[in-house]
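What follows is each chain in one-letter form.
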Amino acid sequence: MSDLFEQAGMAEAAPRPLADRLRPTALDQVVGQDHLLGAGAPLARMIETGHLGSLVFWGPPGTGKTTIARLLAERTGLAFTQVSAIGTGVAELRKVFDQAAQRRRTGQGTLLFVDEIHRFNRAQQDSFLPHVEDGTVTLVGATTENPSFELNAALLSRMQVLVLKRLDDAALDALLARAEAHMGRALPLTDEARAQLKAMADGDGRYALTTAAAVFDLAPGPLDPAGLAELIQHRAPHYDKDREEHYNLISALHKALRGSDPDAALYWLARMLSAGEDPLYVARRLIRFASEDIGLADPAALTQALAARQAYEVLGSPEGELAIVQATLYLATAPKSNAAYAAQKAAWAKARATGSLMPPKHILNAPTGLMKDLGYGKGYAYDHDTEQGFSGQDYFPDEMARERFYRPRGQGYEARVAERLAAWDRLRAKAGQGGGD
């Protein structure tokens, strides 16, 4: 594909970012997306059959979404039109659709590439439907957010979602090698600094090339990691507290805690806090975890989580973060049981199913004579007056059989709880009340 600046008649000497100068001119030059472009992959099959459907490219920044869309238009003979959801309204979209309809009448189709498509509201997204449906445009949307959360179901059902991967070290190495070939010299970096540059890029090819350009322009000589860090400000990891990555990382922390892996839990905790997550949000999630995944296996877990939150509120950052670290380690290494969580779900479901059943009369108080006459409180056994401190009476509604909601897992303190419940079941059975199922 000839350079867009040349097509516009601009001078070759016009300043252009290195990433733009090295933009692939053929699909086989795109790195890191072989699962989409390799032999037998989805996009390769579309090109072979000559049928390109509407698509959503979902992936991190700098992974080639715009470039692939341009090259697909070229390979399939479609006119390429690009808009951004930022600053584009329905009026502008209507003009794009009118132009596409005119091209269609002359026999040429249009690939409409919409960057940041998730930023369009529902009305704007709905405006695409008839034009996608009748083939006026082949829509290719790019998004860094989960399409299932951000796109209308009607629009999403007419598009195929393709996931672009963050660029791995091999892909970033290939880009840096291209930059060196283009500049005619090696990057002035030590091996360690080169590795650090790739780590700073965090899978973003555009960032890697932009950083490489700065190194070419500004480095007085070979830079070590400290020199590179001084030259280039450290890049914040991809993280948006209102978007999917926020939920991905808290899910990873929760799963690592559940899996009793303190090291992985600390890694995900560090990822969240170093990216700017509110430590009190993490502390609240730890409190929830203590009840959901540990419960009575270690009753002190909830106390530890609550104490960590309080300590952070007293100390603030960064001192208070150590209390969150301590709680994370405690929860990761504590015995695990979801018995309380499972019991809650089962009891709530039963309560919804049984409606407004009255408690059995023998456990109701009888403050009036009428209530006594109706049998309120009759036959109630005061447990502390029994030999075992346990009467074995039935406390469920008369119309409902006993249910077993809480089933201790036998981990940690719950093993003792299980023994106690088993002993009470035996006493209950002896009293003729049954032990539940």
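Above this text you will find the structure in question.
Residues numbered from 1 in each chain as written. Predicted model: local features only at pLDDT ≥ 70, side-chain atom pairs only at ≥ 80, totals over all residues. Heavy atoms only, no water.

Undergrad: Can you explain the overall build of the protein? Please cite residues and give values.
TA: If you tally the helices and strands in the protein, you get 22 helices and five strands. In summary, the protein has a C-alpha radius of gyration of 32 Å against a globular reference of 22 Å for 437 residues, an excess of more than 25%. Along the first, second and third principal axes, the C-alpha set of the protein runs to 100 × 60 × 40 Å. Counting all 437 residues of the protein, 41% fall into the buried class. Within the protein, residue pairs in contact and separated by at least 24 positions form 72% of the contacts whose partners lie at least 6 positions apart. Positive and negative side-chain charges of the protein, numbering 48 and 54 respectively, have mean locations separated by a distance of 6 Å. (Helix = DSSP H or I, 4+ residues; strand = E, 2+ residues; numbered from the N terminus. Rg over C-alpha atoms; globule rule 2.2 N^0.38 Å. Buried < 20%, exposed > 50% of the residue type's maximum accessible area, 1.4 Å probe, protein only. Contact = heavy atoms within 4.5 Å. Lys, Arg positive; Asp, Glu negative; His and termini not counted. Charge placed at Lys NZ, Arg CZ, Asp CG, Glu CD.)

Undergrad: Lay out the packing of helix α17 (residues 279-294) against helix α18 (residues 300-315) in plain terms, naming residues and giving numbers.
TA: Between two packed helices, the angle of one axis relative to the other and the distance separating the axes together describe the packing. In contact at an axis separation of 8 Å, α17 and α18 are set at 170° when each is read in the N-to-C sense. Put simply, α17 runs roughly antiparallel to α18. Of α18, the residues touching α17 (which contributes Pro-279, Leu-280, Ala-283, Arg-284, Leu-286, Ile-287, Ala-290, Ser-291 and Ile-294) are Ala-301, Leu-302, Ala-305, Leu-306, Arg-309, Tyr-312 and Glu-313. Partitioning the contact of α17 with α18 into residue classes produces 12 nonpolar, one polar and three charged. (Axes fitted to C-alpha atoms, helices over the stretch in contact; angles between N-to-C directions. Parallel < 35°, antiparallel > 145°, perpendicular 65-115°, else oblique. Nonpolar A, V, L, I, M, F, W, Y, C, P; charged D, E, K, R; others polar.)

Undergrad: So what about the packing of aromatic side chains? Which residues, and what values?
TA: Taken as a whole, this structure holds six aromatic pairs when the rule is applied. Relative to Phe-128, the ring of Phe-120 has its centre 5.7 Å away and its plane inclined at 55°; by these criteria the two rings are tilted. Each of the two residues, Phe-120 as well as Phe-128, counts as buried. When the ring of Phe-396 is compared with that of Phe-405, the centres are 6.4 Å apart and the planes differ by 55°; the resulting orientation is tilted. By relative accessible area, which is 17% here, Phe-396 ends up buried. (Phe/Tyr/Trp six-rings, centres within 6.5 Å; stacked < 30°, edge-to-face > 60°.)

Undergrad: If you had to explain helix α11 (residues 169-183) to someone new, which residues and values would you point to?
TA: Quick reminder: α-helices carry 3.6 residues per turn. Residues three or four places apart thus point the same way. The terminal C-alpha atoms of α11, which comprises 15 residues, lie 21 Å apart, in line with the 21 Å expected from a rise of 1.5 Å per residue. When α11 is considered as a whole, its buried residues turn out to be Ala-171, Leu-172, Leu-175, Leu-176, Ala-179 and Glu-180. Where the residues of α11 are buried, they touch α2 (18-21), α12 (191-201) and α13 (205-218). Of the residues one or two after α11, Gly-184 is the one with positive phi, at around 80°. (Expected span 1.5 Å × (residues − 1).)

Undergrad: Please provide a residue-by-residue account of the nonpolar core, values included.
TA: Counting residues in each nonpolar core, the largest one holds 28 residues, and the members touching the most others are Leu-253, Leu-257, Met-272, Val-282, Leu-286, Ile-294 and Leu-331. When residues of this core are traced back to their parent elements, those giving at least two are α15 (244-258), α16 (262-274), α17, α18 and α19 (321-333). Here the element with the most residues in this core is α17; it accounts for eight residues. Setting aside anything within four residues of it in sequence, one finds Leu-253 in contact with Ala-265, Trp-268, Leu-269, Met-272, Val-282 and Thr-328. Core analysis: the next-biggest nonpolar cluster, separate from the first, contains 26 residues, Leu-176, Ala-179, Leu-189 and Phe-216 among them. (Core = buried A, V, L, I, M, F, W, Y, C linked by side-chain atoms within 4.5 Å.)

Undergrad: Any details on the environment of His-254? Residues and values, ideally.
TA: Within the fold, His-254 resides in helix α15. With relative accessibility at 13%, the residue His-254 sits in the buried group. Residues His-254 and Ser-317, spaced 63 residues apart in sequence, show a C-alpha to C-alpha distance of 22 Å. Among all residues touching His-254, those that are not within four sequence positions of it are Phe-289, Glu-292 and Asp-293.

Undergrad: Account for the sheet that holds strand β2 (residues 79-84), naming residues and giving values.
TA: The parallel open sheet is built from five strands, whose spatial order is β2-β3-β4-β1-β5. Both outer strands of the open sheet, β2 and β5 (160-163), are each paired with one neighbouring strand and no more. Between one strand and the next, the sheet's axes are offset by a mean angle of 20°, whatever the strand orientation. Relative to strand β4 (residues 138-143), strand β1 (residues 55-58) runs parallel, the two sharing four bridges. (Pairing = 2+ DSSP bridges.)

Shape is all these values report; function is a separate question.
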